[in-house]
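# Structural overview
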Amino acid sequence: MAGRWKNTLTDNDVTSETTYLNRRQIMAGMAGMAGIGLTGLGSQAAAETLTPNSWEEVTSYNNFYEFGTGKDDPARHAGQLTTAPWTVKIDGMVDRPGAYDFDDILKTMTVEERIYRFRCVEAWSMVIPWNGFELADLLALAGVQNSAKYVAFETLMRPEEMPGQRVPVLDWPYVEGLRLDEAMHPLTLMATGIYGKDLPNQNGAPLRLVVPWKYGFKSIKSVVRITLTDKQPPTSWNKANAREYGFYSNVNPEVDHPRWSQGSERKIGGGLFTKRVPTPMFNGYDEVASLYRGMNLKTHF
Ligand SMILES: Nc1nc2c(c(=O)[nH]1)N[C@H]1C(S)=C(S)[C@@H](COP(=O)(O)O)O[C@H]1N2
Ligand SMILES: [Mo]
């Protein structure tokens, strides 16, 4: 598959990319999903949920404000980003702080495929077949100290290659954060690819976070720094508008965005016939509910 990929897609290519996941993998994925919280949706919904969006959709409809605010800006401009060599600085409350070379990280990690539903705070969604490893495994490499309570993430700052960073749309560099238990959850992925190929630049090459039960903006792209800390770290969208974007930003159909409903979502795909479907709590990943037991998710939105 890898060597056959072309830049110009025909309808055939898109279709074959969509069906890249063979039956065995889809069944394995469904078994996995049953284990991770979609049991309540029934097999029809689960099967539909797991039909991945096409390569074309996943790589041409993006949010990556470092390259512009239009959905097609990342695909048009992210090609100019140099992604090799790439180092990830891991620092703060860890036993082995340092600059970790991305290729060295890859050598020690087990890359697997995870088909996840992906829900943007703007109320659209996709299903994406990621490749990656668990963030917990990367954190184990650095050795998390007992004092650590949060994980802070930072995207590359390189305005020469990221034209959006020359405009103060956000306070650059893009930063995000998770509570340590969220970061250690087995669903939390560091993605290195989609559809079995290296991550396209517009999707956050070479390494980006994926937290499938939270709104898409938590899934920070092109990560260059991971810091273990005992204080809740600042996050880009919360800094930009705290009333609209909380630190947690768990997908929650009962907490509307001040400017629109979060009760349903528009499924990207199907051309003009994009479907609107109800949005489930935690984007359907019910098993993370235990992380928030006793918390008021309306105030901690
Ligand atoms: N550094 C960085 N990471 C980012 C963003 C961004 O603008 N900059 N956008 C976020 C938003 S709003 C979404 S919905 C997802 C989109 O990921 P995708 O383009 O791979 O679907 O990336 C998130 N990660
Ligand atoms: Mo988003």
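Reading the values: rules and limits
Residues numbered from 1 in each chain as written. Chains lettered and ligands numbered in written order. Predicted model: local features only at pLDDT ≥ 70, side-chain atom pairs only at ≥ 80, totals over all residues. Heavy atoms only, no water. pLDDT = per-residue confidence, 0-100. Contact = heavy atoms within 4.5 Å. Near = heavy atom within 4 Å. Polar contact = N/O pair within 3.5 Å; in protein donor to acceptor, adjacent residues only side chain to side chain. Areas by Shrake-Rupley, 256 points an atom, 1.4 Å probe, with all protein chains shown as cover. Nonpolar A, V, L, I, M, F, W, Y, C, P; charged D, E, K, R; others polar. UniProt positions renumbered as here; feature names shortened; annotations may be inferred. Helix = DSSP H or I, 4+ residues; strand = E, 2+ residues; numbered from the N terminus. Buried < 20%, exposed > 50% of the residue type's maximum accessible area, 1.4 Å probe, protein only.

### Looking at the confidence of the model for the chain
Mean pLDDT over the chain stands at 88; residues scoring 70 or higher make up 84%. Per-residue pLDDT stays below 50 along residues 1-44; that stretch engages in 56 contacts with residues further than four places along the chain or on separate chains.

### Here's the deal with the site of ligand 1
Residues in close proximity to ligand 1 total 17 residues, the closest being Asn62, Tyr65, Glu66, Thr155 and Lys221. Here a nitrogen atom of ligand 1 sits 3.2 Å away from a polar atom, N or O, in the main chain of Asn63. Here a nitrogen atom of ligand 1 and a side-chain polar atom of Glu66 are 2.8 Å apart. Surface burial for ligand 1 is 98%, taken as the share of its 530 Å² of free accessible area covered by protein chains. Each residue belonging to the shell around ligand 1 can be placed in one class, and the counts come to 8 nonpolar, 6 polar and 3 charged.

### Comments concerning the UniProt feature "binding site: Mo-molybdopterin" (unreviewed entry) in the chain
In this structure's numbering, the residues bearing the UniProt feature "binding site: Mo-molybdopterin" (unreviewed entry) are Asn62, Tyr65, Glu66, Cys120, Thr155, Asn203, Arg208, Ser219, Ile220 and Lys221. Inspection of the secondary structure puts Asn203 in the loop between strand E8 (197-198) and strand E9 (208-210). For Asn203, a relative accessible area of 3% translates into the label buried. In contact with Asn203, not counting residues within four places along its chain, are Val58, Thr59, Asn62, Ile194, Arg208 and Lys221. Turning to its location among the elements, Arg208 is positioned in strand E9. Overall, the relative accessible area of 3% leaves Arg208 in the buried class. Those residues in contact with Arg208, other than ones at most four positions away along the chain, are Phe118, Trp130, Leu189, Met190, Ala191, Leu199, Asn203, Ser219, Ile220, Lys221, Ser222 and Val223.

### What to know about unusual backbone geometry
Across the junction of Ala84 and Pro85, the peptide omega takes the value 0 degrees, indicating a cis bond. By secondary structure assignment, the location of Pro85 is in the loop between helix H5 (73-77) and strand E1 (87-92). Of the consecutive residues Ala205 and Pro206, the connecting peptide bond is found in the cis state with omega at -5 degrees. With respect to the helices and strands, the residue Pro206 is situated in the loop between E8 and E9. Of note in this structure, Ser222 is not a glycine but carries a positive phi near 40 degrees. Here Ser222 shows up in the loop between E9 and strand E10 (223-229). Positive phi values are uncommon outside glycine, yet Asn283 reaches one of about 55 degrees. Here Asn283 shows up in the segment after strand E12 (275-278). Looking at Asn283, the relative accessible area reads 0%, which means it is buried.

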